[in-house]
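Below are the chains, spelled out letter by letter.
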Amino acid sequence: MASEIVIAQTTIDDEERAKALARGAVENRLAACAHIDPPFNAVYWWKDALETAQEWRISYKTTQERLPELEAWVSEQHSYEVPEWVTLPVTGGSEAYLAWVVEESTPRPAK
């Protein structure tokens, strides 16, 4: 089951936007949960200039099956021209937790 689960990450420079990206993905069942890390300082090259910014990292727990939809949704909602999008495979973990991620990332039938 672990091979079904991935952690996908993005960053953004506004706490309220981070909360909106986290909440929207979970509300739409694109991810079982999303964690928002406290702000950190990022240093990076952008358009030939060395930049620094305060950013928040959002880590989504989801399934391989839902990953393409999550990526498309985050890309559409994100304010960056080129948002970070990194995925990490989950290679192990509590079977109960992994089953919960699968269950909560599954779309529900319309009522």
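Preceding this paragraph is the structure being described.
Position numbers for residues start from 1 in each chain and track the written sequence from start to end. The model is predicted, so local features are restricted to residues of pLDDT at least 70 and side-chain atom pairs to those at 80 or more, both for listing and for counting; the totals for chains, interfaces and linings are taken over all residues. The side-chain numbers reported here are obtained from all heavy atoms of the structure, hydrogens and water having been left aside.

What follows concerns the environment of glutamate 84. Mapping glutamate 84 onto the fold places it in the loop between helix H2 (67-77) and strand E5 (86-89). On the basis of relative accessible area, glutamate 84 is assigned to the partly exposed category, the value being 29%. Separated by 76 residues in sequence, glutamate 84 and alanine 8 have C-alpha atoms that sit 9.8 Å apart. Two residues qualify as a contact provided that any one of their heavy atoms is within 4.5 Å of a heavy atom in the partner residue. Glutamate 84 has contacts with Gln9, Thr10 and Thr11, leaving out every residue within four places of it along the chain. Each polar contact in these results corresponds to two N or O atoms within 3.5 Å; when the atoms are within protein, one needs to be able to donate a hydrogen and the other to accept it, and residues that are neighboring in sequence are counted only if both atoms are side-chain atoms. Side chain to side chain, glutamate 84 and threonine 11 meet in a polar contact 3.3 Å long. Helix and strand definitions follow DSSP, with helices as H or I runs of at least four residues and strands as E runs of at least two, each counted in order from the N terminus. Burial classification: accessible surface area is computed with a 1.4 Å probe over protein chains only, and a residue below 20% of its type maximum counts as buried, one above 50% as exposed, and the rest as partly exposed.

Our next topic: a nonpolar patch on the surface. Each patch is built from residues lacking any salt bridge and having more than 30% relative accessible area; the joining distance is 9 Å for like charges and 5 Å for nonpolar side chains (Val, Leu, Ile, Met, Phe, Trp, Tyr). Surface accessibility follows the Shrake-Rupley procedure with a 1.4 Å probe radius. Residue values consider only the protein chains on display as shielding. A carboxyl oxygen of Asp or Glu within 4 Å of a side-chain nitrogen of Lys or Arg is what we treat as a salt bridge. A contiguous nonpolar surface patch, about 390 Å² in accessible area, is contributed by Val43, Trp45 and Leu50. Mapped onto the elements of the fold, leucine 50 is located in strand E4 (residues 49-63).

By the definition in use, this model includes nine salt bridges. The closest approach of N and O atoms between glutamate 27 and arginine 23, which form a salt bridge, is 3.4 Å. Of this pair, glutamate 27 and arginine 23 both sit in helix H1 (residues 15-27), four residues apart, roughly one helical turn. Classification of glutamate 27 by relative accessible area gives exposed; the value is 54%. For arginine 23, a relative accessible area of 56% translates into the label exposed. Glutamate 69 is the partner of arginine 66 in a salt bridge, and the nearest nitrogen-oxygen pair spans 2.8 Å.

The subject of this paragraph is the side chain of threonine 11. Of note, threonine 11 is situated in strand E1 (residues 5-12). When neighbours within four sequence positions are excluded, threonine 11 is seen to be in contact with Phe40, Glu55, Trp56, Arg57, His78, Tyr80 and Glu84.

Multiplying 1.5 Å by the helix residue count minus one yields the expected span of that helix. With 13 residues, H1 ought to run about 18 Å at 1.5 Å a step, and its terminal C-alpha atoms sit 18 Å apart, in line with that. Among all positions of H1, only Ala18, Leu21, Ala22, Gly24 and Ala25 are buried. Those residues of H1 hidden inside the fold are in contact with E1, strand E2 (33-36), E4 and H2. Capping the start of H1 is the job of one residue whose side-chain oxygen sits 3.1 Å from the backbone nitrogen of glutamate 16: aspartate 14. Remark: arginine 29 follows H1 within two positions and exhibits a positive phi of approximately 55°.

A separate point is unusual backbone geometry. Even without a glycine there, the phi angle at arginine 29 is positive, about 55°. Locating arginine 29 in the fold gives a position in the loop between H1 and E2. Although it is not a glycine, aspartate 48 sits at a positive phi angle of roughly 65°. Of note, aspartate 48 is situated in the loop between strand E3 (40-46) and E4. Overall, aspartate 48 belongs to the exposed group, its relative accessible area being 78%.

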